[in-house]
Amino acid sequence: MTAAGTRARVRAELTREIADVARRHLASDGAAALSLRAVARELGMASSAVYRYFPSRDDLLTTLIVDAYDALGAAAEQAESAVARTDLRARWRAVCSATRTWAVAHPHEYALIYGSPVPGYAAPDTTTGPAARVGEALSRLIADGVAAGTVDPAADATGADTALAAGLAVRVGLPADDPGSSLAARTVLAWTTLFGMISFELFGHTHNVVADNGRYFDDAVERLATMVGLP
């Protein structure tokens, strides 16, 4: 390996170590209290050395946010890819269940991306693509149903799609240019409901309301699948 290659490998390893320590600090201190100096102390590094890898706390937060979105997206996509392409409802279940499973297993990382905003932090555009992975996985399987003729985009034609951002349906691969359509709007409703249910569970809002979170979640996933027209 060349000297440049060795330096790149060492830099990648140290970058990963810094991010791993920062993730532990998320669990103990929360995102708002994340400190590059505290991370540096745990690693036995001078704070000036850490700043060479992450120039600011916000740069470190962005890395943690992108990593969390990508880990969640990868879990959902991997689960969905293991299901037969023609079984749309099973693919839907796989995405939804994998999303909840990841969230329950990584509550602090989930809270970073779906919990309270970090004061003073503004997420850059680099977080947008990773953040969309679960929603895009759901949209793709619905679009597959439309293409196969098993999902009727004209069903429940309330015109709700006109309430969405211009061009959203096209961006996620769903039929557009029909002012009477509601398929994209129903997809957005299902996506936001999915994360709403998970957030309420993890943040304790369903305490003394839902006794069996798993069963409640599974039933809701089936209802959402029916709402978007999956057979």
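Residues numbered from 1 in each chain as written. Predicted model: local features only at pLDDT ≥ 70, side-chain atom pairs only at ≥ 80, totals over all residues. Heavy atoms only, no water.

A. Expanded view of the packing of aromatic side chains. For the coordinates displayed, the defined rule picks out four aromatic pairs. Ring plane angle 90 degrees and centroid distance 5.9 Å describe the contact between Tyr69 and Tyr114, whose orientation is recorded as edge-to-face. Of this pair, Tyr69 sits in helix H4 (residues 57-81) while Tyr114 is found in helix H6 (residues 107-114), placing the two residues 45 residues apart along the sequence. According to the relative accessible area criterion, Tyr114 is partly exposed, its value standing at 22%. Through a chain of ring-to-ring contacts, three or more aromatic side chains come together here, namely Tyr69, Tyr110, Tyr114, Phe195 and Phe203. Here the basic side chain of Arg100 rests over the ring of Phe217, its NZ or CZ set 5.5 Å away from the ring centre. (Phe/Tyr/Trp six-rings, centres within 6.5 Å; stacked < 30°, edge-to-face > 60°. Helix = DSSP H or I, 4+ residues; strand = E, 2+ residues; numbered from the N terminus. Buried < 20%, exposed > 50% of the residue type's maximum accessible area, 1.4 Å probe, protein only. Lys NZ or Arg CZ within 6 Å of the ring centre and 35° of its normal.)

B. A look at helix H2 (residues 36-43). Among the residues of H2, those classed as buried are Leu36, Ala38, Val39 and Ala40. Where H2 starts, the residue carrying a side-chain oxygen 3.2 Å from the main-chain nitrogen of Arg37 turns out to be Ser35. Following H2 by one or two positions, Gly44 adopts a phi angle in the positive range, close to 70 degrees. (Polar contact = N/O pair within 3.5 Å; in protein donor to acceptor, adjacent residues only side chain to side chain.)

C. Quick look at the nonpolar core. Grouped together as the largest cluster of nonpolar side chains are 55 residues, with contacts concentrated most on Leu60, Leu64, Trp92, Ile142, Leu194 and Leu230. Elements represented by at least two residues in this core include exactly helix H1 (3-29), H2, H4, helix H5 (88-105), H6, helix H8 (133-148), helix H10 (183-202) and helix H11 (213-227). Take this core: its biggest share by element is eight residues, from H4. The contacts of Leu60, once residues within four sequence positions are left out, are Ile18, Ala19, Ala22, Leu34, Leu36 and Phe54. (Core = buried A, V, L, I, M, F, W, Y, C linked by side-chain atoms within 4.5 Å. Contact = heavy atoms within 4.5 Å.)

D. Here's a closer look at the UniProt feature "DNA-binding region" (unreviewed entry) in the chain. Residues annotated by UniProt as "DNA-binding region" (unreviewed entry) correspond here to residues 35-54. The span residues 35-54 is 60% helix and 0% strand, and its two end C-alpha atoms sit 11 Å from each other. (UniProt positions renumbered as here; feature names shortened; annotations may be inferred.)

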